[in-house]
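# Coordinates in review
Spelled out from the first residue to the last, the chains are:
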Amino acid sequence: MNNSLKRKSLKAINEPKTEAGIREIEIDEKTASFLRECIGDKKSGLLFKSDRGNILTTELVNASYSSMLKKYNILEDVYGKVDLHSLRYAYATRCIEAR
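Not measured: the values here are computed from a predicted model. (Residues numbered from 1 in each chain as written. Predicted model: local features only at pLDDT ≥ 70, side-chain atom pairs only at ≥ 80, totals over all residues. Heavy atoms only, no water.)

## Here we look at the pattern of salt bridges
As enumerated under the stated definition, the model contains two salt bridges in all. Residue arginine 36 is joined to glutamate 29 by a salt bridge in which the shortest nitrogen-to-oxygen separation is 3.1 Å. For the residue pair arginine 36 and glutamate 29, the accessibility class agrees, reading exposed in each case. One salt bridge connects glutamate 97 with arginine 94, and the closest N-O pair in it is separated by 3.5 Å. (Salt bridge = Lys/Arg side-chain N within 4 Å of Asp/Glu carboxyl O. Buried < 20%, exposed > 50% of the residue type's maximum accessible area, 1.4 Å probe, protein only.)

## Some points on the confidence of the model for the protein
On average, residues of the protein score 80 in pLDDT, and 87% of them reach the 70 mark or higher. Mean pLDDT across the elements of the protein ranges from a minimum in strand β1 (residues 4-5), with 47, to a maximum in helix α1 (residues 29-39), with 91. A low-confidence stretch, residues 1-9 (pLDDT under 50), is modelled with 22 contacts involving residues beyond four sequence positions or located in other chains. (pLDDT = per-residue confidence, 0-100. Helix = DSSP H or I, 4+ residues; strand = E, 2+ residues; numbered from the N terminus. Contact = heavy atoms within 4.5 Å.)

Below you can see the structure in the form of structure tokens.
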């Protein structure tokens, strides 16, 4: 789904402003299967929603992520910053290293 969130209005979903906003990512079969299950017959709309059926904001995702890190004591044995951006960076690095 090539939709981007319009920052000024959380109710608007638009096409990306530029070609750079369209990305292809590699995923494993388990993830692909999960996404197929989530998407079902959908042709448009939100793939993931908040508990109330609204758009997931960055703040909500980050708060949930931080809560899980604390709940499962993940930060106890980890050195350095652990946030969603660091996970993205680590994933990109591993993909480059795997080539």
